[in-house]
Amino acid sequence: MEAERVNVLSIDGGGVRGIIPAVVLGELERLTGRPVASLFHLIAGTSTGGLLALGLTTPAPGPAEAPRYRADDLAAAYETAAGHIFFRPAGHQVTASGNPIEEKYPSTGLEEVLHLYFGDARLSEVLTDVLVPAYELERRLPFFFRSSRARIHADYDFPLRVAAQATAAAPTYFEPVHVDGFTLVDGGVYANNPALCAYVEAIVSWPEAAEILVVSLGTGETTDGVGSIVGHQLEQLCNRHTDSGDGAGRRRYWRLQPVLPEGHAEMDDARPENLRTLRSLGEELVTERRADLEVLAARLVSGCSPRLRPLRGSPHRGSAPPTRGGEG
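With that out of the way, let us pick up the overall build of the chain. Secondary structure summary: the chain contains 12 helices and 8 strands in total. Looking at the 328 residues of the chain, the share that counts as buried comes to 55%. When contacts within the chain are restricted to residue pairs at least 6 apart in sequence, long-range pairs at least 24 apart make up 77% of them. For the chain, the computed accessible surface area is about 13,700 Å², with 53% contributed by carbon and sulfur atoms.

On to the pattern of salt bridges, then. Inspection of every chain in the model, using the stated rule, returns 20 salt bridges. Across the pair Glu-211 and Arg-5 runs a salt bridge whose closest N-O atoms are separated by 3.9 Å. With a gap of 206 residues between them, Glu-211 in strand S7 (residues 211–217) and Arg-5 in strand S1 (residues 5–11) connect regions that are remote in the sequence. The class for Arg-5 is buried, based on a relative accessible area of 7%. Between Arg-70 and Glu-29 there is a salt bridge, with its nearest N and O atoms 3.3 Å apart. Highlighted residues: Arg-70 in the loop between helix H2 (48–57) and helix H3 (71–85) and Glu-29 in helix H1 (residues 19–32), separated in sequence by 41 residues. Taken together, the shared-partner salt bridges connect Arg-5, Glu-211, Arg-250, Arg-252 and Arg-299 into one network.

Membership of the largest hydrophobic core comes to 77 residues, with the highest contact counts inside it found for Leu-9, Leu-25, Phe-40, Leu-54 and Phe-145. Sorting elements by how many residues they give to this core places H3 first, with 8 residues. Leu-42, Leu-131, Phe-144 and Ala-198 belong to the second-largest nonpolar core, a separate cluster that totals 17 residues.

Applying the stated criterion across every chain yields a total of 13 aromatic pairs. Between Phe-143 and Phe-158, the ring centres sit 6.3 Å apart and the planes meet at 65°, which makes this aromatic pair edge-to-face. Separated by 15 residues along the polypeptide, Phe-143 in strand S4 (residues 141–146) and Phe-158 in the loop between helix H6 (147–150) and helix H7 (160–168) bring together distant segments of the chain. Classification of Phe-143 as buried rests on a relative accessible area of 0%. Taking the ring centre of Tyr-156 as reference, the NZ or CZ of Arg-149 above it sits at 4.3 Å. Seen from the ring of Trp-254, Arg-251 lies directly overhead, with NZ or CZ sitting 6.0 Å from the centre.

Its place among the elements puts Ser-47 in the loop between strand S2 (42–45) and H2. Residue Ser-47 is classed as buried on the basis of its relative accessible area of 5%.

We now examine the packing of H1 against helix H11 (residues 272–288). Interhelical geometry of H1 versus H11 gives an angle of 40° and a closest axis separation of 8 Å. The pairing of H1 with H11 is recorded here as oblique in orientation. The interaxial crossing formed by H1 with H11 has right-handed handedness. Where H1 approaches H11, its residues Ile-19, Ile-20, Val-23, Val-24 and Glu-27 are matched on the opposing element by Leu-275, Leu-278, Arg-279, Leu-281, Gly-282, Glu-283, Leu-285 and Val-286. Each residue belonging to the contact of H1 with H11 can be placed in one class, and the counts come to 9 nonpolar, 1 polar and 3 charged.

Basis of the calculations
- Residues numbered from 1 in each chain as written.
- Predicted model: local features only at pLDDT ≥ 70, side-chain atom pairs only at ≥ 80, totals over all residues.
- Heavy atoms only, no water.
- Helix = DSSP H or I, 4+ residues; strand = E, 2+ residues; numbered from the N terminus.
- Buried < 20%, exposed > 50% of the residue type's maximum accessible area, 1.4 Å probe, protein only.
- Contact = heavy atoms within 4.5 Å.
- Areas by Shrake-Rupley, 256 points an atom, 1.4 Å probe, with all protein chains shown as cover.
- Salt bridge = Lys/Arg side-chain N within 4 Å of Asp/Glu carboxyl O.
- Core = buried A, V, L, I, M, F, W, Y, C linked by side-chain atoms within 4.5 Å.
- Phe/Tyr/Trp six-rings, centres within 6.5 Å; stacked < 30°, edge-to-face > 60°.
- Lys NZ or Arg CZ within 6 Å of the ring centre and 35° of its normal.
- Axes fitted to C-alpha atoms, helices over the stretch in contact; angles between N-to-C directions.
- Parallel < 35°, antiparallel > 145°, perpendicular 65-115°, else oblique.
- Left-handed = near helix turned anticlockwise from the far one by under 90°.
- Nonpolar A, V, L, I, M, F, W, Y, C, P; charged D, E, K, R; others polar.

The values are spatial; any link to function lies outside them.
Here it is as structure tokens:
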């Protein structure tokens, strides 16, 4: 590839709090006049962020390469589907109460919602490349759903609904996902903020890139020290050469996240009033960071070839393969 910029989007985990980055991305689509999938070369997401990454890149029916959903559609989906996902029938409440090995929620609601939104679409079909972390319990290894790998190795061309369920299978909340010999749970156990994973993926996938721009969206600041460390690392890696007087217009790392008010941090609080508060937090963040979003929007639409595919489809050298020659 010619030396140019690679745009990377990363979305944190956080359950129903995913409505916050969905609202921010909706504003970014309005500012650019383009769908998110056409603005980035790579979109990474963990847990609810993984659902957004896959939803934003799911192709619409028909020959045109257009996304099935825009960010506003997915923000609205939290308000209509969260109560179905985080629902415990009376019988399950009885069996789960005081039982440390019983998950808080049955997977039925989550499976139904994912089937509704993703249908039979597969990982190889996404409109721009995705990286969705999960964790393999039996082998105790990170597992990445990679569209670049799915296009080359049919064994890893999973249905999007399977990838979405695996990355969302938070321990104690949902049961693990068993697929093709893997036992998978939420990638948030090691990468709730997948921005650094995405940055490394971009370096390996586009080694000739002139620069890498990373947009990292959080689901609300709590006491997540791991997420803070990732932000610090990327600030040092990406923005260490941006003090030459050209200001925010040349920033290569952008982090947008609101502070959560007390009582709104639970990932499974699907009450309508809580979802309204979370949406409002996203809207307030858009207002507070308006100037930054306008600069970012201009950068994303300039000097970029979003349809460019990565150079490789094989796993990173040195990765520990669970089976069949490499992780997903």
